[in-house]
Amino acid sequence: MSQTTHSIIMVPPTDFCFNHETAQDNEFQQTPDSPHYLIKENALEEFNVMVNQLRDNHIEVLLLNKHHGEPEMPDAVFPNNWFCTRPDGTIDLFPMKTPNRQVEVRPQALEKLLTHNGYQVQKINDHRESNGAYLEGTGAMIFDHRHNKTYAAISERCDAELLAEYNALRDYETVSFNSASSNDAPFYHTNVMMSVGEQFAVICLDSIKAPKQRAHVEEQLKQSQKDIIDISLEQAEKHFCANLIQLRNKKNDPLIVLSESAYNAFTKEQKQKLEAHGKLVPCDIHTIESVGGGSARCMIAENFLPKQ
(Lines give C-alpha, C1' and ligand atoms only; values in the text may rest on other atoms or scores of the structure.)
Protein backbone atom coordinates (compact mmCIF):
# COMPACT_ATOMS: atom_id res chain seq x y z
CA MET A 1 0.00 0.00 0.00
CA SER A 2 1.22 3.48 -0.85
CA GLN A 3 2.12 5.81 2.01
CA THR A 4 0.66 8.90 0.35
CA THR A 5 -2.45 9.92 -1.56
CA HIS A 6 -3.59 12.90 -3.66
CA SER A 7 -7.17 12.74 -2.34
CA ILE A 8 -8.29 13.71 1.16
CA ILE A 9 -11.50 14.22 3.14
CA MET A 10 -11.96 17.29 5.34
CA VAL A 11 -14.88 18.44 7.50
CA PRO A 12 -15.76 22.15 7.89
CA PRO A 13 -15.72 23.35 11.53
CA THR A 14 -19.40 24.34 11.46
CA ASP A 15 -19.91 23.85 15.23
CA PHE A 16 -16.34 24.58 16.30
CA CYS A 17 -15.84 25.56 19.94
CA PHE A 18 -13.85 24.54 23.02
CA ASN A 19 -14.75 20.89 23.65
CA HIS A 20 -15.02 20.33 27.40
CA GLU A 21 -15.45 16.56 26.94
CA THR A 22 -12.12 16.06 25.17
CA ALA A 23 -10.26 18.60 27.33
CA GLN A 24 -10.22 16.01 30.12
CA ASP A 25 -7.20 14.28 28.52
CA ASN A 26 -6.11 16.75 25.82
CA GLU A 27 -3.84 19.19 27.62
CA PHE A 28 -3.17 21.19 24.44
CA GLN A 29 -6.66 22.71 24.22
CA GLN A 30 -6.64 26.32 25.42
CA THR A 31 -9.76 27.96 26.83
CA PRO A 32 -10.44 30.90 24.51
CA ASP A 33 -11.03 34.45 25.73
CA SER A 34 -12.91 35.49 22.57
CA PRO A 35 -16.70 35.04 22.24
CA HIS A 36 -17.99 31.76 20.81
CA TYR A 37 -19.26 33.23 17.53
CA LEU A 38 -15.86 34.81 16.81
CA ILE A 39 -13.98 31.56 17.49
CA LYS A 40 -16.24 29.74 15.04
CA GLU A 41 -15.91 32.49 12.44
CA ASN A 42 -12.11 32.44 12.68
CA ALA A 43 -11.97 28.64 12.52
CA LEU A 44 -14.15 28.58 9.40
CA GLU A 45 -12.00 31.22 7.74
CA GLU A 46 -8.77 29.33 8.55
CA PHE A 47 -10.33 26.11 7.26
CA ASN A 48 -11.46 27.63 3.96
CA VAL A 49 -8.06 29.22 3.32
CA MET A 50 -6.36 25.87 4.03
CA VAL A 51 -8.70 24.00 1.65
CA ASN A 52 -7.94 26.54 -1.10
CA GLN A 53 -4.20 26.24 -0.43
CA LEU A 54 -4.36 22.45 -0.79
CA ARG A 55 -6.44 22.65 -3.96
CA ASP A 56 -4.00 25.21 -5.39
CA ASN A 57 -1.32 22.56 -4.78
CA HIS A 58 -3.34 20.02 -6.83
CA ILE A 59 -4.69 18.00 -3.88
CA GLU A 60 -8.25 16.73 -4.25
CA VAL A 61 -10.18 17.90 -1.16
CA LEU A 62 -13.59 16.27 -0.62
CA LEU A 63 -15.75 18.11 1.94
CA LEU A 64 -18.01 16.15 4.27
CA ASN A 65 -20.56 18.79 5.22
CA LYS A 66 -22.97 18.78 8.12
CA HIS A 67 -26.63 18.21 7.32
CA HIS A 68 -29.62 19.93 8.87
CA GLY A 69 -30.76 18.36 12.12
CA GLU A 70 -27.45 16.64 12.96
CA PRO A 71 -26.21 17.12 16.55
CA GLU A 72 -23.51 19.60 17.61
CA MET A 73 -20.03 18.36 16.68
CA PRO A 74 -17.42 20.74 18.14
CA ASP A 75 -14.46 18.59 16.98
CA ALA A 76 -15.78 17.48 13.57
CA VAL A 77 -12.87 19.33 11.92
CA PHE A 78 -10.65 16.39 13.04
CA PRO A 79 -12.18 13.50 11.02
CA ASN A 80 -9.06 11.30 10.87
CA ASN A 81 -9.99 9.86 14.26
CA TRP A 82 -13.19 8.09 13.31
CA PHE A 83 -12.39 6.41 10.00
CA CYS A 84 -9.68 5.34 7.62
CA THR A 85 -9.84 4.10 4.03
CA ARG A 86 -7.90 1.42 2.17
CA PRO A 87 -7.02 0.67 -1.47
CA ASP A 88 -9.16 -2.51 -1.40
CA GLY A 89 -12.29 -0.34 -1.13
CA THR A 90 -12.88 -0.80 2.60
CA ILE A 91 -13.53 1.83 5.24
CA ASP A 92 -12.77 1.14 8.91
CA LEU A 93 -14.79 2.90 11.63
CA PHE A 94 -13.21 3.39 15.06
CA PRO A 95 -14.49 3.70 18.64
CA MET A 96 -14.25 7.31 19.85
CA LYS A 97 -13.85 8.19 23.50
CA THR A 98 -16.27 11.07 24.10
CA PRO A 99 -20.04 11.12 23.35
CA ASN A 100 -19.87 14.37 21.38
CA ARG A 101 -17.22 12.86 19.13
CA GLN A 102 -19.06 9.56 18.72
CA VAL A 103 -21.84 11.46 16.91
CA GLU A 104 -19.31 12.51 14.24
CA VAL A 105 -19.29 8.94 12.91
CA ARG A 106 -21.53 9.22 9.83
CA PRO A 107 -20.74 6.25 7.57
CA GLN A 108 -23.71 6.80 5.21
CA ALA A 109 -22.80 10.45 4.57
CA LEU A 110 -19.15 9.49 4.07
CA GLU A 111 -20.00 6.68 1.64
CA LYS A 112 -22.31 8.97 -0.31
CA LEU A 113 -19.60 11.64 -0.60
CA LEU A 114 -16.99 9.15 -1.81
CA THR A 115 -19.20 7.29 -4.31
CA HIS A 116 -20.55 10.61 -5.64
CA ASN A 117 -16.92 11.58 -6.40
CA GLY A 118 -16.27 8.34 -8.27
CA TYR A 119 -14.69 6.19 -5.52
CA GLN A 120 -15.50 2.59 -4.85
CA VAL A 121 -16.72 1.55 -1.40
CA GLN A 122 -16.73 -2.24 -1.15
CA LYS A 123 -17.32 -2.66 2.55
CA ILE A 124 -17.53 -0.71 5.82
CA ASN A 125 -15.92 -2.48 8.79
CA ASP A 126 -17.35 -1.24 12.07
CA HIS A 127 -14.90 -1.64 14.97
CA ARG A 128 -16.96 0.40 17.42
CA GLU A 129 -18.17 -2.46 19.63
CA SER A 130 -15.27 -2.10 22.02
CA ASN A 131 -16.57 -2.52 25.61
CA GLY A 132 -15.60 0.95 26.71
CA ALA A 133 -12.11 0.90 25.19
CA TYR A 134 -11.04 3.29 22.45
CA LEU A 135 -8.85 3.40 19.36
CA GLU A 136 -9.06 6.76 17.65
CA GLY A 137 -7.98 6.06 14.09
CA THR A 138 -4.91 7.75 12.66
CA GLY A 139 -4.75 9.97 15.73
CA ALA A 140 -3.89 6.89 17.79
CA MET A 141 -2.09 4.92 15.07
CA ILE A 142 0.72 6.13 12.82
CA PHE A 143 0.88 3.80 9.84
CA ASP A 144 4.01 3.03 7.89
CA HIS A 145 2.17 1.42 4.98
CA ARG A 146 5.36 0.69 3.06
CA HIS A 147 6.64 -1.57 5.84
CA ASN A 148 3.31 -2.75 7.34
CA LYS A 149 4.03 -1.22 10.74
CA THR A 150 1.88 0.75 13.15
CA TYR A 151 3.45 3.09 15.71
CA ALA A 152 1.24 3.90 18.69
CA ALA A 153 1.52 5.64 22.05
CA ILE A 154 -0.77 3.90 24.55
CA SER A 155 -3.33 6.29 26.08
CA GLU A 156 -7.02 6.53 27.00
CA ARG A 157 -7.70 6.89 23.28
CA CYS A 158 -5.36 4.09 22.21
CA ASP A 159 -6.18 0.84 23.97
CA ALA A 160 -3.37 -1.72 23.76
CA GLU A 161 -5.70 -4.70 23.21
CA LEU A 162 -7.79 -3.02 20.50
CA LEU A 163 -4.57 -1.87 18.85
CA ALA A 164 -3.17 -5.41 18.75
CA GLU A 165 -6.46 -6.82 17.42
CA TYR A 166 -6.72 -4.21 14.68
CA ASN A 167 -3.12 -4.67 13.57
CA ALA A 168 -3.59 -8.44 13.47
CA LEU A 169 -6.57 -7.91 11.13
CA ARG A 170 -4.46 -5.70 8.87
CA ASP A 171 -1.40 -7.89 9.20
CA TYR A 172 0.64 -4.93 10.47
CA GLU A 173 3.38 -5.15 13.06
CA THR A 174 2.63 -3.20 16.26
CA VAL A 175 5.30 -0.86 17.61
CA SER A 176 3.68 0.44 20.79
CA PHE A 177 5.18 2.47 23.61
CA ASN A 178 4.34 4.87 26.44
CA SER A 179 4.68 8.61 25.98
CA ALA A 180 4.76 11.46 28.46
CA SER A 181 4.37 15.19 27.96
CA SER A 182 6.34 17.74 29.94
CA ASN A 183 3.49 17.52 32.50
CA ASP A 184 4.10 13.77 32.65
CA ALA A 185 0.71 12.94 31.10
CA PRO A 186 0.40 10.50 28.17
CA PHE A 187 0.02 12.25 24.81
CA TYR A 188 -3.70 12.00 24.04
CA HIS A 189 -2.89 11.04 20.43
CA THR A 190 0.27 9.55 18.95
CA ASN A 191 0.12 11.98 16.02
CA VAL A 192 0.94 14.88 18.34
CA MET A 193 4.38 13.41 19.03
CA MET A 194 5.16 11.60 15.75
CA SER A 195 4.42 11.32 12.05
CA VAL A 196 5.74 9.02 9.35
CA GLY A 197 6.22 9.82 5.67
CA GLU A 198 7.55 7.74 2.79
CA GLN A 199 11.19 8.12 3.81
CA PHE A 200 11.14 10.23 6.96
CA ALA A 201 9.74 10.36 10.48
CA VAL A 202 9.23 13.38 12.71
CA ILE A 203 9.28 12.24 16.33
CA CYS A 204 9.68 13.61 19.84
CA LEU A 205 11.98 10.92 21.24
CA ASP A 206 12.14 12.79 24.57
CA SER A 207 8.49 11.89 25.15
CA ILE A 208 9.34 8.16 25.24
CA LYS A 209 10.81 8.00 28.73
CA ALA A 210 11.62 4.28 28.95
CA PRO A 211 15.08 3.82 27.35
CA LYS A 212 14.27 0.32 26.02
CA GLN A 213 11.06 1.51 24.36
CA ARG A 214 12.80 4.53 22.87
CA ALA A 215 15.62 2.38 21.50
CA HIS A 216 13.07 -0.05 20.02
CA VAL A 217 11.12 2.72 18.25
CA GLU A 218 14.34 4.22 16.87
CA GLU A 219 15.52 0.80 15.72
CA GLN A 220 12.22 0.15 13.91
CA LEU A 221 12.43 3.51 12.12
CA LYS A 222 16.05 2.90 11.14
CA GLN A 223 15.23 -0.60 9.87
CA SER A 224 12.63 1.02 7.61
CA GLN A 225 15.32 3.50 6.46
CA LYS A 226 13.50 6.58 7.73
CA ASP A 227 15.30 9.88 7.94
CA ILE A 228 14.59 10.69 11.63
CA ILE A 229 13.83 14.31 12.51
CA ASP A 230 13.90 14.45 16.30
CA ILE A 231 11.93 17.34 17.83
CA SER A 232 11.78 18.72 21.37
CA LEU A 233 8.83 18.47 23.76
CA GLU A 234 8.27 22.19 23.31
CA GLN A 235 8.13 21.83 19.50
CA ALA A 236 5.61 19.00 19.84
CA GLU A 237 3.42 20.52 22.54
CA LYS A 238 3.39 24.24 21.77
CA HIS A 239 3.78 24.18 17.99
CA PHE A 240 2.45 20.78 16.81
CA CYS A 241 5.65 20.11 14.85
CA ALA A 242 4.90 16.37 14.66
CA ASN A 243 1.30 16.86 13.53
CA LEU A 244 2.01 17.03 9.82
CA ILE A 245 1.25 14.80 6.85
CA GLN A 246 2.95 13.93 3.60
CA LEU A 247 0.73 13.78 0.50
CA ARG A 248 1.45 13.41 -3.20
CA ASN A 249 -0.56 15.67 -5.47
CA LYS A 250 -2.18 14.80 -8.80
CA LYS A 251 1.16 15.50 -10.52
CA ASN A 252 2.79 13.03 -8.10
CA ASP A 253 4.83 15.76 -6.40
CA PRO A 254 5.41 15.17 -2.68
CA LEU A 255 3.98 17.79 -0.31
CA ILE A 256 4.18 18.10 3.46
CA VAL A 257 1.18 19.85 5.01
CA LEU A 258 1.75 21.45 8.41
CA SER A 259 0.64 24.45 10.44
CA GLU A 260 2.31 27.83 10.22
CA SER A 261 3.14 27.51 13.91
CA ALA A 262 4.96 24.22 13.27
CA TYR A 263 6.73 25.65 10.21
CA ASN A 264 8.03 28.62 12.21
CA ALA A 265 9.14 26.44 15.14
CA PHE A 266 11.31 24.03 13.14
CA THR A 267 15.01 24.86 13.21
CA LYS A 268 16.71 25.73 9.94
CA GLU A 269 18.40 22.31 9.89
CA GLN A 270 15.15 20.43 10.61
CA LYS A 271 13.38 22.38 7.89
CA GLN A 272 16.09 21.50 5.36
CA LYS A 273 15.75 17.83 6.27
CA LEU A 274 11.96 18.00 5.84
CA GLU A 275 12.19 19.89 2.55
CA ALA A 276 14.23 17.04 1.12
CA HIS A 277 10.99 14.99 1.31
CA GLY A 278 8.55 17.41 -0.26
CA LYS A 279 7.37 20.99 -0.69
CA LEU A 280 6.29 22.40 2.67
CA VAL A 281 2.73 23.78 2.72
CA PRO A 282 2.27 25.78 5.95
CA CYS A 283 -1.33 26.68 6.85
CA ASP A 284 -2.38 29.35 9.33
CA ILE A 285 -4.76 27.44 11.61
CA HIS A 286 -3.90 29.07 14.96
CA THR A 287 -7.53 29.20 16.24
CA ILE A 288 -8.17 25.55 15.39
CA GLU A 289 -4.85 24.56 16.99
CA SER A 290 -5.20 26.47 20.23
CA VAL A 291 -8.92 25.90 20.91
CA GLY A 292 -9.14 22.42 19.37
CA GLY A 293 -5.80 21.09 20.57
CA GLY A 294 -5.10 19.46 17.19
CA SER A 295 -3.34 20.58 14.04
CA ALA A 296 -2.96 20.04 10.28
CA ARG A 297 -2.62 16.26 10.30
CA CYS A 298 -5.72 15.87 12.53
CA MET A 299 -7.77 17.83 9.97
CA ILE A 300 -6.93 15.48 7.10
CA ALA A 301 -8.37 12.03 6.51
CA GLU A 302 -6.67 10.29 3.61
CA ASN A 303 -8.68 8.74 0.79
CA PHE A 304 -6.97 5.57 -0.45
CA LEU A 305 -10.09 4.11 -2.08
CA PRO A 306 -9.93 2.93 -5.70
CA LYS A 307 -11.76 4.78 -8.46
CA GLN A 308 -15.00 3.19 -9.71
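In the block above lies the structure referred to throughout.
Residues numbered from 1 in each chain as written. Predicted model: local features only at pLDDT ≥ 70, side-chain atom pairs only at ≥ 80, totals over all residues. Heavy atoms only, no water.

### Description of the sheet that holds strand E1 (residues 7-10)
- An order of E2-E1-E15 is seen for the three strands of this open sheet, with the pairing classed as mixed. Either end of the sheet is taken by a strand with one partner, and the two such strands are strand E2 (60-63) and strand E15 (301-302).
- Of the strand pairs in this sheet, E1 and E15 are connected by two bridges, and their pairing is antiparallel. From the neighbouring strand, Ile9 faces E15, where its bridge partner is Ala301.
- Strand contacts of helix H2 (residues 36-56): E1 and E2, with the helix running at about 145° to E2, the strand carrying the most contacts. (Pairing = 2+ DSSP bridges. Helix = DSSP H or I, 4+ residues; strand = E, 2+ residues; numbered from the N terminus. Contact = heavy atoms within 4.5 Å. Axes fitted to C-alpha atoms, helices over the stretch in contact; angles between N-to-C directions.)

### A word on helix H10 (residues 268-275)
- Taken together, the buried positions of H10 are Gln270, Lys271 and Leu274. One side of H10 carries all its buried residues, which in axial view fall inside an arc of 100°. Those residues of H10 that are exposed and angled more than 90 degrees off the buried face are Lys268 and Glu269.
- Those residues of H10 that are buried lie in contact with strand E10 (200-203), strand E11 (227-230), helix H8 (233-239), strand E13 (254-259), helix H9 (260-265) and strand E14 (279-283). (Buried < 20%, exposed > 50% of the residue type's maximum accessible area, 1.4 Å probe, protein only. Arc of directions from axis to C-beta.)

### With respect to the sheet that holds strand E4 (residues 90-93)
- The mixed open sheet is built from three strands, whose spatial order is E3-E4-E5. Where the open sheet ends on each side, the last strands, each with one partner, are strand E3 (83-85) and strand E5 (123-126). Put simply, the sheet's adjacent strands are angled 20° from each other on average, direction ignored.
- Relative to E5, E4 is paired through four bridges, and the arrangement is parallel. Looking at the pairing, Asp92 lines up with Asn125 of E5.
- The strands that helix H4 (residues 107-116) touches are E3, E4 and E5; relative to E4, the one it contacts most, it runs at about 155°.

### Considering unusual backbone geometry
- Positive phi values are uncommon outside glycine, yet Asn148 reaches one of about 50°.
- By the element assignment, Asn148 lies in the loop between strand E6 (141-144) and strand E7 (149-153).
- Residue class for Asn148 comes out partly exposed when judged on its relative accessible area of 31%.
- Notably, Asn252 is not glycine yet its phi reads approximately 70°, a positive angle.
- Tracing the chain through its elements places Asn252 in the loop between strand E12 (245-248) and E13.
- In this structure Asn252 comes out as partly exposed when scored by relative accessible area, which is 49%.

### Things to note about the pattern of salt bridges
- Here the structure, examined in full by the defined rule, presents twelve salt bridges.
- We note a salt bridge from Glu104 to Arg101, for which the minimum N-O separation is 2.8 Å. Judged on exposure class, the residue Glu104 and its partner Arg101 are both buried.
- Across the pair Asp227 and Lys273 runs a salt bridge, and its minimum N-O distance is 3.5 Å. Taken together, the positions of Asp227 in strand E11 and Lys273 in helix H10 put the pair 46 residues apart, joining distant regions of the chain. (Salt bridge = Lys/Arg side-chain N within 4 Å of Asp/Glu carboxyl O.)

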